[in-house]
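Observations on chain architecture
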Amino acid sequence: MDERKTFAVCSAILLVVMAALAVAPVERETWLMENAVVALFLAALWGTRRWFRFSAGSYALITLFLVLHEIGAHYTYSQVPYDAWARHLAGVSIDEVLGWQRNQYDRVLHCLYGVLLVLPLRELCRNGIGMRGAWAGFFAFSLILASSMIYELIEWGAAVAFGDGSDAFLGTQGDPWDAQKDMALALLGGLIALALAAPLRALRARRH
């Protein structure tokens, strides 16, 4: 499919997922706060679609991340029952195998934020802004880190504004270094994706 069809299909998939997971979320206030961020992001994509379109692959990566985020919004990140799902489907406890003592869905998603979104951002920097070579990757990586920081500031602002009602949105699970770890994982995810993409691009260039 070309970019326009992919954009339409990915938008439809995401809207269906959002509608389904809007039914009886664990905490409605948390769901609303999490989806306010998604709504702003989708509005930006729709508002700029005539100026810039991502590739089909980038739209797929963005949609995958947002679907995973919607799962976190429905259950609240700290209560996503991934371990129960793994036990039911495979008879294996992910927490026991990896030695996790807390619900790690939020940590995994922060890492995947870097893994899944740094390449679309590099594409934006290269094709939308006109950056070339390593500068596009560096700026995309910087955007991952900066947006992660902004999100943590939003969580902090919500905690101050709404008090106890924002605990699930904050999702620290008692860890005083939660924000720093989340940003570090996004940084790590971005580095991993860029490191893996570099040899693949070189190989593709040789074939052409």
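The numbers attached to residues start from 1 for each chain and follow its sequence in the written order. Per-residue local features are limited, in this predicted model, to residues with pLDDT of at least 70; the limit for side-chain atom pairs, both in listing and counting, is 80 or more; totals at the level of whole chains, interfaces and linings are taken over all residues. Side-chain numbers here rest on the full set of heavy atoms in the structure, without hydrogens or water.

**Remarks on the overall build of the protein**
Each helix is a run of DSSP H or I of at least 4 residues and each strand a run of E of at least 2, with the numbering of both proceeding from the N terminus. A tally of helices and strands in the protein yields 9 helices and 0 strands. N-terminal to C-terminal, the α/β element order of the protein is α-α-α-α-α-α-α-α-α. We compute the radius of gyration from the C-alpha atoms alone; for a globule the expected value is 2.2 Å times N to the 0.38, where N is the number of residues. By the compact-globule yardstick of 17 Å for 208 residues, the protein fits well, its C-alpha radius of gyration being 18 Å. Principal-axis analysis of the C-alpha atoms gives the protein an extent of 50 × 35 × 35 Å. Residues counted as buried form 40% of the 208 residues belonging to the protein. Here the contacts in the protein between residues at least 6 apart in sequence split such that 71% fall between residues at least 24 apart. All accessible areas in this document rest on Shrake-Rupley with a 1.4 Å probe, and a residue is counted as covered only by the protein chains that are shown. Carbon and sulfur atoms make up 68% of the accessible area of the protein, which totals about 11,700 Å². For every residue, the accessible area obtained with a 1.4 Å probe (protein chains only) is divided by the maximum for its type, and the residue is called buried under 20%, exposed over 50%, and partly exposed between those limits. We call two residues in contact whenever any of their non-hydrogen atoms come within 4.5 Å of each other.

**Some thoughts on helix H7 (residues 134-162)**
Spanning 29 residues, H7 covers 42 Å between terminal C-alpha atoms, matching the ideal 42 Å at 1.5 Å per step. Turning to H7, its buried residues are Ala136, Gly137, Ala140, Phe141, Ile144, Ser148, Tyr151, Glu152, Glu155 and Ala158. What a helix should span is 1.5 Å times the count of its residues minus one.

**So, the nonpolar core**
With 36 residues, the main nonpolar core has Leu42, Phe54, Phe65, Leu66, Tyr105 and Ile144 as its most contacted residues. Elements with a contribution of two residues or more to this core: helix H1 (3-21), helix H2 (28-47), helix H3 (56-75), helix H6 (105-129), H7 and helix H9 (178-207). With 9 residues, H6 is the single largest residue contributor to this core. Setting aside residues up to four positions removed in sequence, Ile144 forms contacts with Tyr113, Gly114, Leu117, Val118, Leu121 and Ala186. To qualify as a nonpolar core, a set must consist of buried Ala, Val, Leu, Ile, Met, Phe, Trp, Tyr and Cys residues joined through side-chain atoms within 4.5 Å.

**A word on the packing of H3 against H6**
Running from amino to carboxyl end, H3 crosses H6 at an angle of 160 degrees, the nearest separation of the two axes being 9 Å. Taken together, the axes of H3 and H6 lie roughly antiparallel to each other. Here H3 runs over H6; the crossing is left-handed. Contacts between H3 and H6 pair Ser58, Leu61, Ile62, Leu64, Phe65, Leu68, His69, Ile71 and Gly72 from the former with Tyr105, Leu109, Leu112, Tyr113, Leu116, Leu117, Pro120 and Glu123 from the latter. Under the convention adopted here, Pro, Cys and the residues Ala, Val, Leu, Ile, Met, Phe, Trp and Tyr are nonpolar, Asp, Glu, Lys and Arg are charged, and Gly plus all remaining residues are polar. Grouping the constituent residues of the contact of H3 with H6 by class yields 13 nonpolar, 3 polar and 1 charged. Only the contacting stretch of a helix is used when fitting its axis, a line to C-alpha atoms as for every element, and angles between N-to-C directions run 0 to 180 degrees. Angular relationships are summarised with four words: roughly parallel below 35 degrees, roughly antiparallel beyond 145, roughly perpendicular across 65 to 115, and oblique for the angles in between. If you view the pair so one helix is near and one far, a crossing is left-handed when the near helix is turned anticlockwise from the far one by less than a right angle, and right-handed when it is turned clockwise.

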